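# Coordinate analysis (summary)
If you want the building blocks of each chain, they are given just below.
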Amino acid sequence: QVQLVESGGGLVQAGGSLRLSCAASGRTFSMGWFRQPPGKEREFVAAISWSGGSTYYADSVKGRFTISRDNAKNTQFLQMNSLKPEDTAVYYCATRWKSRLVATTLEEYDSWGQGTQVTVSS
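Calculation rules
- Residues numbered from 1 in each chain as written.
- Predicted model: local features only at pLDDT ≥ 70, side-chain atom pairs only at ≥ 80, totals over all residues.
- Heavy atoms only, no water.
- Phe/Tyr/Trp six-rings, centres within 6.5 Å; stacked < 30°, edge-to-face > 60°.
- Helix = DSSP H or I, 4+ residues; strand = E, 2+ residues; numbered from the N terminus.
- Buried < 20%, exposed > 50% of the residue type's maximum accessible area, 1.4 Å probe, protein only.
- Lys NZ or Arg CZ within 6 Å of the ring centre and 35° of its normal.
- Pairing = 2+ DSSP bridges.
- Axes fitted to C-alpha atoms, helices over the stretch in contact; angles between N-to-C directions.
- Salt bridge = Lys/Arg side-chain N within 4 Å of Asp/Glu carboxyl O.

Here we take up the packing of aromatic side chains. Counting across every chain of the model gives four aromatic pairs. Ring geometry for F34 versus W112: centroids 5.0 Å apart, planes at 55°, classification tilted. Of this pair, F34 sits in strand β4 (residues 31-36) while W112 sits in strand β10 (residues 111-112), and the two are 78 residues apart along the sequence. Residue W112 is classed as partly exposed on the basis of its relative accessible area of 28%. In textbook terms, an aromatic cluster arises when at least three aromatic residues are bridged by ring pairs, as seen for F34, F44, Y109 and W112. One residue, R19, lies across the ring of F77, its end atom 4.0 Å from the ring centre. A cation over an aromatic ring shows up here: R42 above the ring of Y92, its NZ or CZ 3.6 Å from the ring centre.

Here we take up the sheet that holds strand β8 (residues 75-80). The four strands lie next to each other as β1-β3-β8-β7, forming an open sheet whose pairing is antiparallel. In the strand order of this sheet, the two ends are held by β1 (4-7) and β7 (65-70), each with one partner. Strand after strand, the sheet turns through a mean of 15° between neighbouring axes, direction not considered. In the sheet, β7 pairs with β8 via six bridges, with the strands oriented antiparallel. Paired with S68 across the two strands is F77, which belongs to β8.

Here we take up the pattern of salt bridges. This structure, assessed with the given rule, holds four salt bridges. The shortest N-O distance in the salt bridge between R35 and E43 comes to 2.7 Å. The shortest N-O distance in the salt bridge between D87 and R35 comes to 2.9 Å. A residue pair is termed long-range when its members are at least 10 positions apart, and D87 in the loop between β8 and β9 (89-95) and R35 in strand β4 qualify at 52 residues. Like R35, D87 is buried. What emerges from the salt-bridge pattern is a single network uniting R35, E43, R64 and D87.

This is the structure:
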């Protein structure tokens, strides 16, 4: 079982930036980020293939967020720019270590981080 540890959440004003990190305890294949806004279900944000050559984004974050990874350190990142109040949520990183295929749905991921709070004030 691969363990994930997230960091980098916090409080930021609208228009600001934050960078989330997620360190894995072992080798992983595709990795992704999801978020759960207050009172809502967890939703897909971004995903990246093992090589980093393919990335996928939710329409709501496309052009503002960038997912990347450093395989030498088993770490993935989510750079969030031009943040909006509607980006406020608990952000979770996830990884697949049972399959090489990139995934964009919750059910396809094998391990999850504990979540980190991102709050964007207006």
